[in-house]
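Coordinate analysis (summary)
Single-letter residue listing:
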Amino acid sequence: TNKILDMKIPENVATFITNTFDRLPFEMLSALVVLSCFGASADISLIEVLEREIEQPLIAPLDDAVAHSVLGKRNGKLYFMHDKLQEAAYSKMKPEERCLHHNRYGLALGFVAVRERDDRLLLTAVTQINHGGPQAVIDDEQAVVVANLNLDAGKKAMNMSDFFAAHSFFDHGISYLRLRREHWNEHYDLSLELFNLAAKCAFMNAEHDRLKMLTEQIMHNARCFEDKFQAISVTVTLLSFSGNVPAAVELIKTTLSSLDEELPSAVTPTVIKKHLDNTKKQLALLSDDTLLSYLAMVDPSKIFAVELLVKLYGSLTLIGERATQRIIPLRVIQISLTYGMSPHSPSAFAQYGSYLALIEDEFEEGYRYVKFALSLMKKIPSRAHDSTTMFWSTHTRIHIEPMQSSIECYLDAYKAHMKSGNTYSNAVWCSSVYNMCCLWSGKELNAVFVSMKDTMKELKYHKNFVVLTLMKPTFRVALRLIGQSDAPAPQQENLTNAFGEAFNEGGNAGKYATLFHTMYFAKLCEALMFRELNEAEDAAEKYFSVDRLVGLPPVMFFGKFYSGLVSFWIARETNDRKESTKWIRRGVECKDKMEKLSVSAS
């Protein structure tokens, strides 16, 4: 049956169908015209609602059309027996009047959807209105009504993680507002919300040109600094993952200064110790239950400051500004204890716990705060930020809990990011770290390779240059391990980021300590596995030169294990006593760190 329905109808038959329509009863033809506005099919329940609202007979005439084999009826739907039949019905409306019909039916259904709080009907209704477009709007008042309906529909689509549909709704809402040149003055709140949400969706959908246009409009028309927060936030992330981390850091610091949350200009070991001691002293007086009962943060400027500080932590991780990075979670915790807990506070506690465990070797206390961060996350759930807490907490968990199972927590964080729509930034971070941990921990190689390919594809789509640069060296190791390193190189892709800059793996890696660290680590591991001594020595020398700059690598255990093995290997093979002593010292330092990790974690 489906093959018959899919067959192309000759033009003479199509003409016959059109002429046949002219002989149908007027009431049936009118009902078919209405149905055609909804495409090839529509729910019977929807048509019943529309019949009641527009006061036009629909169901009975359409049942007659079923009897005439013009329509089919199955599973609660009415459907045209062929596309040509739907086209013939639709063509009975004058082209200039079609938009008015779509608008009328959509508004009728939209008012019912709002009244009865029917989300599914709302999405159908607003889609119908948008088929009509701004030209069908009769006055300014109706334009605002339709813009609000698009706002509501877009939010519903976001809740369902359909960010392409949501972006379409928000863009349509903006198009109705633009019928008035003064919409920023006359409907400021509505304009601001539509533009902010459209920008968020454009960001998630990698529509960078559209994103920049939207944020420029927001920055130009915002009435106060607070109303620029979301535009600044999305710009920071776009700069960072497009490969311009210093610009992102500078924008964060400038904004923090405007929020009276400046960080110390010179962060010395004394400054770090002072912040750490103060935080420990404050937290020592508070039980976990007391912290969990803290009120929520309500000051918008403090909420945004905390958000920026958490973003800054990630950016400084990339560029290797380790000293400033270490005081950030301490500062966020102090703000949270003073002003209440924000959705970002759990991430700061996870970062603090990882610092105590992996840097200060206070594993018991560090693990306690990592577990507390996850409890706090559940207490103040935030779909957009829970996954960030999961990501940072896993850095410690993989050193304490069984590694091959705790690695899966990175995948859980990735899934949580995807559900929230945060695909561009943190989701791909989680995915890339998960893939690297799977490779170095010895998971099934073909499965790891397939997962890496999927992540690389996603990174290229979103033009995330930083994480793409992070992944490529490890991906090449996986390629070689499965015997594909001699395969023809793929055609060079002309990737450009949101700012028109071409992708350059070497150039990106050369900017940031973490990328260098990952690249040299992959090279030393590859050389070790394939017994290439000279390459191993060169990569290890460069690896140790940047290792001191990297704040808190998620794969610390793997780093110490493989670099320690390479160090002892080089020491054994070299004939230079001084060089041998140097490499033995490095190997012993790695072994001691692993022993300390093992003892502390147990």
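Below is a summary of the structure that appears in this document. (Residues numbered from 1 in each chain as written. Predicted model: local features only at pLDDT ≥ 70, side-chain atom pairs only at ≥ 80, totals over all residues. Heavy atoms only, no water.)

Side note on unusual backbone geometry
Positive phi, close to 60 degrees, is recorded for D361, a residue that is not glycine. Backbone geometry at R531 places phi at a positive 55 degrees, although glycine is not the residue there. Tracing the backbone shows R531 in the loop between α29 (513-529) and α30 (533-547). (Helix = DSSP H or I, 4+ residues; strand = E, 2+ residues; numbered from the N terminus.)

Observations regarding the side chain of S432
Note on placement: S432 falls in helix α25 (residues 423-440). Given the relative accessible area of 0%, S432 is considered buried. Apart from residues no more than four positions distant in its own chain, S432 is found in contact with T455, V467, L470 and M471. (Buried < 20%, exposed > 50% of the residue type's maximum accessible area, 1.4 Å probe, protein only. Contact = heavy atoms within 4.5 Å.)

Comments concerning the environment of R476
Mapped onto the fold, R476 is located in helix α27 (residues 465-481). R476 sits in the partly exposed class, given a relative accessible area of 38%.

Re the nonpolar core
Formed by 106 residues in total, the largest nonpolar core has its most connected members in F349, W429 and W440. Sorting elements by how many residues they give to this core places α25 first, with 11 residues. L24, L35, L85 and A222 belong to the second-largest nonpolar core, a separate cluster that totals 79 residues. (Core = buried A, V, L, I, M, F, W, Y, C linked by side-chain atoms within 4.5 Å.)

Considering the environment of L291
Looking at the element boundaries, L291 is found in helix α17 (residues 288-292). Excluding its chain neighbours within four sequence positions, the residues that come into contact with L291 are L283, L286, L337, M341 and F372.

Focus on the packing of aromatic side chains
Under the counting rule described, the total for this entry stands at 20 aromatic pairs. Pairing F449 with F475 gives two aromatic rings, centres 5.6 Å apart and planes at 5 degrees, and the pair type is stacked. Here F449 is found in helix α26 (residues 445-462), whereas its partner F475 is found in helix α27, with 26 residues between them in sequence. F475 matches F449 in its accessibility class, with the two residues each being buried. In textbook terms, an aromatic cluster arises when at least three aromatic residues are bridged by ring pairs, as seen for W440, F521, Y543, F544, F561, Y562 and W583. Its end group placed over the ring of F530, R480 keeps NZ or CZ at 3.9 Å from the ring centre. (Phe/Tyr/Trp six-rings, centres within 6.5 Å; stacked < 30°, edge-to-face > 60°. Lys NZ or Arg CZ within 6 Å of the ring centre and 35° of its normal.)

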